[in-house]
Amino acid sequence: MPVESKENLNLLLLCDFNDRTASTIVDHIEGLRNYSKHKIWILSSRGELPQNLDLRRFDGIIIHYSLVACLNSFIGPKARAAIRGFKGIKVAFVQDDYRFIDMTVAALSYLGVDVLFGLAGPDIIDQVYSPTKLPGVLRETVLAGYVPVHLTKQNVPPFADRPIDIGYRARKLPAWLGSHGKEKWVIAERVIADAARFNLRCDISTNESDRIYGDDWIGFVTSCKAMLGSESGSGVCDFTGRIQLKVESHVAKHPTATFEELRELYFKEDDGRVMMNVISPRCFEAAALRTLMILYEGYYSGRLIAWRHYLPLKRDHSNMDEVVAILRNPAEAQKIIDAAYSEVALNPENLFEAMVQKMDVAVGKRFAPRMLASKPAYDEKQFFAVREVARQKQHRREVLHRIVSGLLPYVQAGLALLPAGIRAWLHSKLRGVWWLLLGVETPGMRRIKTFRRLVGSSGLGAAFKTMSMCRLHPGFLEADVSDLAQLLASGEPRIRIYLDDVSNSLEICFGAGVPAGRRIESSALRKALRTNSVRHIFWRAEAIEVVGMLGMSSGSFQDLANLAETDSDIVADLFDQLLFRPEPNVLRSQVSGN
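A brief look at the structure comes next. Since the structure is predicted, the reported quantities are computational estimates derived from the model, not experimental observations.

## A short note on the overall build of the chain
Inference 1: Looking only at helices and strands, the chain features 22 helices and 19 strands.
Inference 2: Out of the 594 residues in the chain, the part that is buried amounts to 52%.
Inference 3: Across the chain, every contact between residues at least 6 apart in sequence was considered, and the portion connecting residues at least 24 apart equals 75%.

Dropping the structure here:
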């Protein structure tokens, strides 16, 4: 029967994880399930939701930060629409709050989120999550991670018996994260340089191939006397996503560009203006595993005190000799290790249980009787069937990705050997799907170097796919026969565009409905794009409804609008290739039902 009280709710936790998921994400997900007073049903599902999932069986949905709410590759259009229509309470956790903030806020608003947990502190939360754009949303600040209790109970080798002096793993973060993000890899390079001078045995890397996961990571941390670190977060809050796009576009053309050059060109004024510096979950792991921390000086969300809980390393490494002296003094090092363990790792405020209790309180504040499930809750066997569908879908996606990634270089090499005439014929026959899946270059895509970049975090891949499907496949287009006949008779293009001068919005329409005189020709569109007169790009269906994989009748191409600011020719070329006049034979066959 439906739950009758908000004291014991059934909450669906939507997330994304696999065997190679970082332990911090797994610990966060498990923490929500283990410590909430509510029943948490975990579903790892990326993209669209399983077809056999009935949201009416839940009192609420929790959107985990492992799913990026504003990107179709994480939450598909159908899934987003289903969550929007869901009547229960909706909770969202957001990590990496500094990325495409406006898109995230718009997505959260569309989904109808009731409670939001982010990393933005009280001093900047109104700037990041505007209360006018998210009216009525309860906004709470949480940490990027918490102490996994099981690590505090782990048997670890004594400090003196650990073979590695200093260990570290980090990614070389992109330049658009600013000077703060740069510290993640600068500290690695400089300590490696210091190691020879002090005869230190180090295992330090920022290479992706050297990443360590799961139990192997725990083994690595406990084999090190000390771990390097710095504050997480970013010194650049990229509200529109344009900084990222401009930097990535520049690097694609000039791979040897330095951080200083990119900063001067694209984010000098933004670097450090809105700081989002927080403690890293790795600090809690090190404290729990009794590993000494050597960190750049910082605030660390008020959880760490220099010289008491960690060895503070100056950014110019001028005190490296002082740090090494304590590293080589087991008694002094142990004092810091013990303080970090007892005062940080065992502090109840730093445990996952504290974070989950905070979530339960927030849910209680916002929950209303109208949010109760309208159908009985799943039992374990029923929900296992839902999870199995999601697991199989994820497995198929991973297999396809491996196949495409493996074949792509060979396909591209083979196509390059074909005569130009044959390549042109293949282009005309296979069009958008060929460009997307096999990576055949077109003028509009030539500067987008790889398939991975095309379908990466910016969401441009989803935009190109939408346009290509509408451009290519009559089977994806449905319309009333009379509407199609009217289109045939008028000789109007099946896809048309117009520019709204008031809102500076470019609207792409499928079918009838665009007022005469408001359409824009290719030359005028290029001019508008090059002069930055286009701030937003939307698409909508009029007589023709886009169905199938799209699952929506309207949507935003904001990624294309952002890209137009960086390289307007890419966007203009896409429109030239994808917008076309009707093909009478195709349309007549649809009208006649052949």
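## With respect to the nonpolar core
Inference 1: Membership of the largest hydrophobic core comes to 82 residues, with the highest contact counts inside it found for Phe93, Ile166, Leu292, Met293 and Leu304.
Inference 2: It is helix 6 (residues 178-198) that provides the largest number of residues to this core, a total of 7 residues.
Inference 3: When near neighbours in sequence (up to four residues on either side) are disregarded, isoleucine 166 contacts Val191, Leu200, Arg201, Cys202, Asp203, Ile204, Ala226, Leu228, Ile294, Met320 and Leu327.

## Observations concerning the sheet that holds strand 6 (residues 138-141)
Inference 1: Pairing in this open sheet of 6 strands is parallel, and the strands run 2-1-3-4-5-6 from one edge to the other. Looking along the sheet, the strands with just one partner apiece sit at the ends: strand 2 (39-44) and strand 6. Taking the axes of each pair of neighbouring strands and ignoring which way they run, one obtains an average angle of 20° across the sheet.
Inference 2: Here 4 bridges tie strand 5 (residues 115-118) to strand 6, and the two strands are oriented parallel to one another. Counted as the bridge partner of valine 115 is leucine 138 from strand 6.

## Comments concerning unusual backbone geometry
Inference 1: A positive phi angle, close to 55°, is found at arginine 290, a residue other than glycine.
Inference 2: Secondary-structure assignment places arginine 290 in the loop between helix 10 (281-288) and strand 12 (292-296).
Inference 3: Classification of arginine 290 by relative accessible area gives buried; the value is 18%.
Inference 4: Phi at serine 301 is positive, roughly 55°, even though this residue is not glycine.
Inference 5: Summarising the element assignment, serine 301 is placed in the loop between strand 12 and strand 13 (311-313).

## As for the pattern of salt bridges
Oppositely charged side chains may form a pair once their charged atoms are brought near each other.
Inference 1: Scanning the model with the defined rule gives 21 salt bridges in all.
Inference 2: With a closest N to O distance of 3.0 Å, arginine 56 and aspartate 54 form a salt bridge.
Inference 3: With a relative accessible area of 14%, aspartate 54 lands in the buried category.
Inference 4: For the salt bridge of aspartate 126 with arginine 139, the shortest nitrogen-to-oxygen distance reads 2.7 Å. With aspartate 126 in helix 4 (residues 125-128) and arginine 139 in strand 6, the pair connects residues that are 13 residues apart, well separated along the chain.
Inference 5: Here arginine 139 falls in the partly exposed class, since its relative accessible area comes to 23%.
Inference 6: Through salt bridges that share partners, Asp54, Arg56 and Lys375 make up one connected network.

## Describing helix 9 (residues 259-267)
Inference 1: Residues of helix 9 that are buried include every one of Phe259, Leu262 and Phe267, and no others. The buried residues of helix 9 all sit within an arc of 65° when viewed along its axis, so they share a single face.
Inference 2: Residues of helix 9 that are buried make contact with helix 6 and helix 8 (242-253).

## Let's talk about the sheet that holds strand 9 (residues 224-229)
Inference 1: One open sheet accounts for 5 strands, arranged 8-7-9-12-13; its pairing is parallel. This sheet does not close on itself; its edge strands, each paired only once, are strand 8 (202-205) and strand 13. Adjacent strand axes in the sheet meet at a mean angle of 25°, parallel and antiparallel pairs treated alike.
Inference 2: In terms of strand pairing, strand 7 (residues 164-169) meets strand 8 through 4 bridges, oriented parallel. In the strand pairing of strand 8, arginine 169 is matched with serine 205.
Inference 3: Sitting on the sheet, helix 11 (residues 320-327) touches strand 7, strand 9, strand 12 and strand 13, and the angle it makes with strand 13 is about 155°.

## Describing the packing of aromatic side chains
Inference 1: Under the counting rule described, the total for this entry stands at 9 aromatic pairs.
Inference 2: Look at tryptophan 217 and phenylalanine 220: their rings are 5.6 Å apart centre to centre, the planes differ by 40°, and that puts the pair in the tilted class. With tryptophan 217 and phenylalanine 220 both in helix 7 (residues 214-222) and 3 residues apart, this pair spans about one turn of that helix. Taken as a pair, tryptophan 217 and phenylalanine 220 share a single burial class, namely buried.
Inference 3: When the ring centre of tyrosine 378 is taken as origin, the NZ or CZ atom of arginine 57, which lies over that ring, is 4.6 Å away.
Inference 4: In this structure, arginine 84 packs its charged tip against the face of tyrosine 110, placed 4.4 Å from the ring centre.

## Here we look at the side chain of serine 66
Inference 1: Within the secondary structure, serine 66 sits in the loop between strand 3 (60-63) and helix 2 (77-85).
Inference 2: A polar contact is formed between the side chain of serine 66 and the backbone nitrogen of aspartate 16, at a distance of 3.0 Å.
Inference 3: There is a polar contact of 2.9 Å between the side chain of serine 66 and the side chain of histidine 64.
Inference 4: In contact with serine 66, not counting residues within four places along its chain, are Cys15, Asp16, Ile25 and Phe74.

## Some remarks on the environment of valine 186
Inference 1: Secondary-structure assignment places valine 186 in helix 6.
Inference 2: According to the relative accessible area criterion, valine 186 is buried, its value standing at 12%.
Inference 3: Taking C-alpha positions, valine 186 is 9.2 Å from arginine 315, a pair spaced 129 residues apart along the chain.

## Focus: helix 1 (residues 23-35)
Inference 1: If you check helix 1, its first and last C-alpha atoms are 18 Å apart, about what 13 residues at 1.5 Å a residue would give, namely 18 Å.
Inference 2: Along helix 1, the residues that are buried comprise Ser23, Thr24, Ile25, Asp27, His28, Ile29, Gly31 and Leu32.

## Quick notes on the pairing of strand 1 (residues 10-15)
Inference 1: For strand 1, the buried fraction is high: 6 of the 6 residues fall into the buried class.
Inference 2: Residues Asn10, Leu12 and Leu14 line one face of strand 1 and the alternating positions Leu11, Leu13 and Cys15 line the opposite face, and both faces are buried.
Inference 3: Pairing of strand 1 with strand 2, which is carried by 6 bridges, proceeds in the parallel orientation. Bridge assignment links leucine 11 to a residue of strand 2, and that residue is isoleucine 40.
Inference 4: One ladder, built from 4 bridges, connects strand 1 with strand 3; its direction is parallel. What sits directly across from leucine 11, in strand 3, is glycine 60.

The rules we used
- Residues numbered from 1 in each chain as written.
- Predicted model: local features only at pLDDT ≥ 70, side-chain atom pairs only at ≥ 80, totals over all residues.
- Heavy atoms only, no water.
- Helix = DSSP H or I, 4+ residues; strand = E, 2+ residues; numbered from the N terminus.
- Buried < 20%, exposed > 50% of the residue type's maximum accessible area, 1.4 Å probe, protein only.
- Contact = heavy atoms within 4.5 Å.
- Core = buried A, V, L, I, M, F, W, Y, C linked by side-chain atoms within 4.5 Å.
- Pairing = 2+ DSSP bridges.
- Axes fitted to C-alpha atoms, helices over the stretch in contact; angles between N-to-C directions.
- Salt bridge = Lys/Arg side-chain N within 4 Å of Asp/Glu carboxyl O.
- Arc of directions from axis to C-beta.
- Phe/Tyr/Trp six-rings, centres within 6.5 Å; stacked < 30°, edge-to-face > 60°.
- Lys NZ or Arg CZ within 6 Å of the ring centre and 35° of its normal.
- Polar contact = N/O pair within 3.5 Å; in protein donor to acceptor, adjacent residues only side chain to side chain.
- Expected span 1.5 Å × (residues − 1).

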